[in-house]
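Per-entry structural report
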Amino acid sequence: TARAGDALVLRTATAAVLVYALALQTTHGIDFFRGQRAFYGRIDPYVEESIMWVRDFTPSDALIATPTIDGGGWGWWMEGLGERRTLVASDLKWLNFSDEQQRARNAMAIFDLFPSLAAIELARSFGVSYLVVPSNSDRYREPETRAFVLAHPELVAFQNPHALVIDVTKGVGS
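Residues numbered from 1 in each chain as written. Predicted model: local features only at pLDDT ≥ 70, side-chain atom pairs only at ≥ 80, totals over all residues. Heavy atoms only, no water.

Sheet topology note: the strand 1 (residues 63-66)/strand 2 (residues 85-88) ladder contains 4 bridges and is parallel. In the sheet register, T66 faces strand 2, and the bridge partner there is V88. Crossover connection from strand 1 via helix 3 (residues 75-81) to parallel strand 2: handedness right-handed. (Pairing = 2+ DSSP bridges. Helix = DSSP H or I, 4+ residues; strand = E, 2+ residues; numbered from the N terminus. Right-handed = clockwise from strand over helix to strand, strands pointing away.)

Right, here's the structure in full:
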């Protein structure tokens, strides 16, 4: 009958549209996931190793400061995995509360001066114990950081190919 034929055409068309929508969603979803993974996956295994070092070898009341990576904060990884209070440098537009904005300003001020003894002194004045600086940070300048580490090896608490941990509690030359 004509009515049964119309119903079959409608079901077939509906199934084809659903299959197309599912394929489109899957394709775009995979691309979107890759972008989100790149955005939220700011840390690599070496940076994770530095976080675990902080957790395992620093006092539980240590205050850590972290710079930005690609303009964004990643210090929540330090707070979560590293189990340490953290001054997280971040663009203020992402922060809602005045206390977190002040902590971000403090971290940004420290890393605006990094690497230098002035950055270490400023970090001390904020009560910071350690700076954790990934090499892919916006504030990691390779030649200057290498020179700083060579001039002040006593401040290096931990280092691997992609991250540096500076012990702010140590005196220079000690």
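Looking now at the pattern of salt bridges. If you walk through the whole model with that rule in mind, you get 5 salt bridges. Between E121 and R124 there is a salt bridge, with the nearest N and O atoms lying 2.4 Å from each other. A residue pair is termed a helical-turn pair when its members lie 3 or 4 positions apart in one helix, as E121 and R124 do in helix 5 (residues 117-125) at 3 residues. With relative accessibility at 46%, the residue E121 sits in the partly exposed group. With relative accessibility at 27%, the residue R124 sits in the partly exposed group. Here R146 ties to E142 by a salt bridge, and the two come within 2.8 Å at their closest N and O atoms. Of the two residues, R146 and E142 both sit in helix 6 (residues 142-151), 4 residues apart, roughly one turn of that helix. A relative accessible area of 36% places E142 in the partly exposed class. (Salt bridge = Lys/Arg side-chain N within 4 Å of Asp/Glu carboxyl O. Buried < 20%, exposed > 50% of the residue type's maximum accessible area, 1.4 Å probe, protein only.)

In short, the description is geometric, and any link to function would need to be established separately.
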